[in-house]
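Here is how the chains run, residue by residue.
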Amino acid sequence: MIGVLAAVPAAVAIVAAPAWGLVADRIGDMRGPYLVAAILAAGSGFVIAVGLGPAGVVLGVLGLAVGAAGMSPLLDARTIQRLWPHRDRYGQARVAGSIAFAVGSVGSGLLIAETATVAMFVVYGAAMGAAGVAAVLLLGRPGTIGTGQRVASVGPLAALGILRDPGLGLFWLGSCVVWTASVGAMALFSLRILELGGDATLVGIGWAVTALCEAPLMVLFPRLARRAPVERLIVIGAVLFVVRAAAWSLVVRPEAVIALTVLGSAGYALVLVGTASFVARVAPAHLSATAQALFGFRTFSIGSIAGAVLAGQIAAAAGLWAVAPMSAVGSAVGAVLVWAALRR
């Protein structure tokens, strides 16, 4: 049951993320949909905290997944609108999310240790509600980028039209492969460290290193984008996933596994920020939120599900060690697809 519930957010996001984007693009302003999504996520967190039995937990997780799926792509789209024409600075804004993830992980652990698990959902609900109110008060109405008006032509067919473009369609497919391979490599990261002789403390350090090492490249992304095309940076990020997974195949010390996560963190920053910047440039302005959801949140969600499932199957058949070389192969295939798409 726990495994199924853990997979719900990624599965729901495949549909919910672009749906939120379509709604925001259709009315021409993301603040209303963002507030609704935040309230839904907040209320669902409180439902889980109240403890209404298994049915309440299932409903809470579903509601939380639907609400949270809309918040990230909508915020990404609005952030890029505000930064335009300096959209390559998106990474400098996005780095706050990586820092918040690290701080929130530590804070949640301390909170649970001092109180109970239910406290985490209370804090989560309050934080989501505050985020919704902050978005309405601080983000403002769309300016020259984005219509700021209701757009009747925005709908599911218009969203699919983005993927019908040969270059963008191939880029979307390549992104799914890249994230599948990357997530697959990380899915059993903790177990691999333990298998090599590490302990729970070392596992925690490994995840902290992974999150914190994303920040520098996100901050430096504008400088990198002035020296190399964004498309090239995306491909370099995908190649770094290949190098990390290949190197993992060769090391037998848990400390070495953790040290090599720096490569993956750099790859994550380049692919994530580069994709957001690239999509903002090539997607129609009236479909900005939908495009960010399709190429960002949806591809990562598909990769999260497929990567975890494939990693589990590979580990069961050939052991944890085999996940890394297979991830290297998958990352290489994804990198080639992305490279071919961006050359068009």
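Residues numbered from 1 in each chain as written. Predicted model: local features only at pLDDT ≥ 70, side-chain atom pairs only at ≥ 80, totals over all residues. Heavy atoms only, no water.

**Looking at the overall build of the protein chain**
Move 1: Regarding its fold elements, the protein chain presents 14 helices and zero strands.
Move 2: Over its C-alpha trace the protein chain gives a radius of gyration of 20 Å, about what one expects of a compact globule, namely 20 Å for 344 residues.
Move 3: Referenced to the eigenvectors of the C-alpha coordinate spread, the extents of the protein chain come out at roughly 60 × 55 × 35 Å.
Move 4: Taking all 344 residues of the protein chain together, the buried fraction comes to 50%.
Move 5: For the protein chain, contacts bridging at least 24 residues in sequence account for 82% of all contacts bridging at least 6.
Move 6: When the accessible area of the protein chain is evaluated, it comes to approximately 15,500 Å², of which 72% is carbon and sulfur surface. (Helix = DSSP H or I, 4+ residues; strand = E, 2+ residues; numbered from the N terminus. Rg over C-alpha atoms; globule rule 2.2 N^0.38 Å. Buried < 20%, exposed > 50% of the residue type's maximum accessible area, 1.4 Å probe, protein only. Contact = heavy atoms within 4.5 Å. Areas by Shrake-Rupley, 256 points an atom, 1.4 Å probe, with all protein chains shown as cover.)

**So, the pattern of salt bridges**
Move 1: Enumeration over the complete set of coordinates arrives at four salt bridges.
Move 2: Where aspartate 29 meets arginine 31, a salt bridge forms, and the shortest distance between an N and an O atom there is 2.8 Å.
Move 3: For arginine 31, a relative accessible area of 17% puts it in the buried group.
Move 4: A salt bridge links arginine 253 to glutamate 255; the shortest N-O distance between them is 3.4 Å.
Move 5: By relative accessible area, arginine 253 is classed as exposed at 51%. (Salt bridge = Lys/Arg side-chain N within 4 Å of Asp/Glu carboxyl O.)

**Details of the packing of helix H7 (residues 166-187) against helix H11 (residues 230-248)**
Move 1: Two elements in contact, H7 and H11, have axes separated by 11 Å at closest approach and are oriented at 30 degrees. The orientation of H7 with respect to H11, classified from their angle, is roughly parallel. Relative to H11, H7 is oriented so that their crossing is left-handed. Residues Phe171, Val178, Trp179, Ser182, Ala185 and Met186 of H7 form the contact with H11, whose own contacting residues are Ile234, Ala238, Phe241, Arg244 and Trp248.
Move 2: Counted by class, the contact of H7 with H11 contains nine nonpolar, one polar and one charged residues. (Axes fitted to C-alpha atoms, helices over the stretch in contact; angles between N-to-C directions. Parallel < 35°, antiparallel > 145°, perpendicular 65-115°, else oblique. Left-handed = near helix turned anticlockwise from the far one by under 90°. Nonpolar A, V, L, I, M, F, W, Y, C, P; charged D, E, K, R; others polar.)

**Some words on the packing of aromatic side chains**
By convention here, two paired aromatic rings are described through the distance between centres and the angle between planes.
Move 1: For the structure shown, the criterion picks out seven aromatic pairs.
Move 2: Aromatic ring contacts, followed pair by pair, group Trp179, Phe241, Tyr268 and Phe300 into a single cluster. (Phe/Tyr/Trp six-rings, centres within 6.5 Å; stacked < 30°, edge-to-face > 60°.)

**A closer look at a nonpolar patch on the surface**
Move 1: Taken together, the side chains of Val133, Val136, Leu137 and Leu138 make up a nonpolar region of the molecular surface, amounting to roughly 390 Å² of accessible area.
Move 2: Structurally, valine 136 is set in helix H5 (residues 117-138). (Patch = residues over 30% accessible without salt bridge, like charges linked within 9 Å, V, L, I, M, F, W, Y side chains within 5 Å.)

**Examining H5**
Because each turn of an α-helix spans 3.6 residues, side chains separated by three or four positions end up pointing in the same direction.
Move 1: Compared with the 32 Å implied by 1.5 Å per residue over 22 residues, the 32 Å span of H5 between its first and last C-alpha is a close match.
Move 2: Burial in H5 covers these residues: Ala119, Gly125, Met128, Gly132 and Ala135.
Move 3: Trailing H5 by a residue or two, glycine 140 shows a phi angle of about 70 degrees, which is positive. (Expected span 1.5 Å × (residues − 1).)

**A few points about the environment of leucine 191**
Move 1: Considering the arrangement of structural elements, one finds leucine 191 in helix H8 (residues 189-195).
Move 2: Sequence separation between leucine 191 and phenylalanine 101 is 90 residues, and the spatial gap between their C-alpha atoms is 21 Å.

**Digging into the confidence of the model for the protein chain**
Move 1: The predicted model of the protein chain averages 84 in pLDDT, with 92% of residues at 70 or higher.
Move 2: Predicted confidence in the protein chain is weakest over helix H6 (residues 156-164), with a mean pLDDT of 69, and strongest over H11, with 96.
Move 3: In this model, residues 144-154 is a region of pLDDT below 50 whose contacts with residues beyond four sequence positions or in other chains number 26 contacts. (pLDDT = per-residue confidence, 0-100.)

**Considering the packing of H11 against helix H14 (residues 323-342)**
Move 1: Between H11 and H14, the shortest axis-to-axis distance is 7 Å and the interhelical angle comes to 165 degrees. As the angle between them shows, H11 and H14 are arranged roughly antiparallel. The two elements H11 and H14 meet at a crossing, and its hand is left-handed. Across from Glu231, Ile234, Val235, Ala238, Val239, Phe241, Val242, Ala245, Ala246 and Trp248 in H11, the residues of H14 making contact are Ala324, Pro325, Ser327, Ala328, Ser331, Ala332, Ala335, Val338, Trp339 and Leu342.
Move 2: Residue composition of the contact of H11 with H14, grouped by class: 17 nonpolar, two polar and one charged.

**A look at helix H2 (residues 31-50)**
Move 1: Between its first and last C-alpha atoms H2 spans 28 Å; for 20 residues at 1.5 Å apiece the expected length is 28 Å, and the two agree.
Move 2: Those residues of H2 that sit buried are Arg31, Pro33, Tyr34, Ala37, Ala38, Ala41, Ala42, Ser44, Gly45, Ile48 and Ala49. Along the axis of H2, the buried residues cluster in a sector spanning 165 degrees; they form a single face. Away from the buried face of H2 by more than 90 degrees, exposed residues Ile39 and Val50 are located.
Move 3: Positive phi shows up at glycine 51, right after H2, with a value of about 80 degrees. (Arc of directions from axis to C-beta.)

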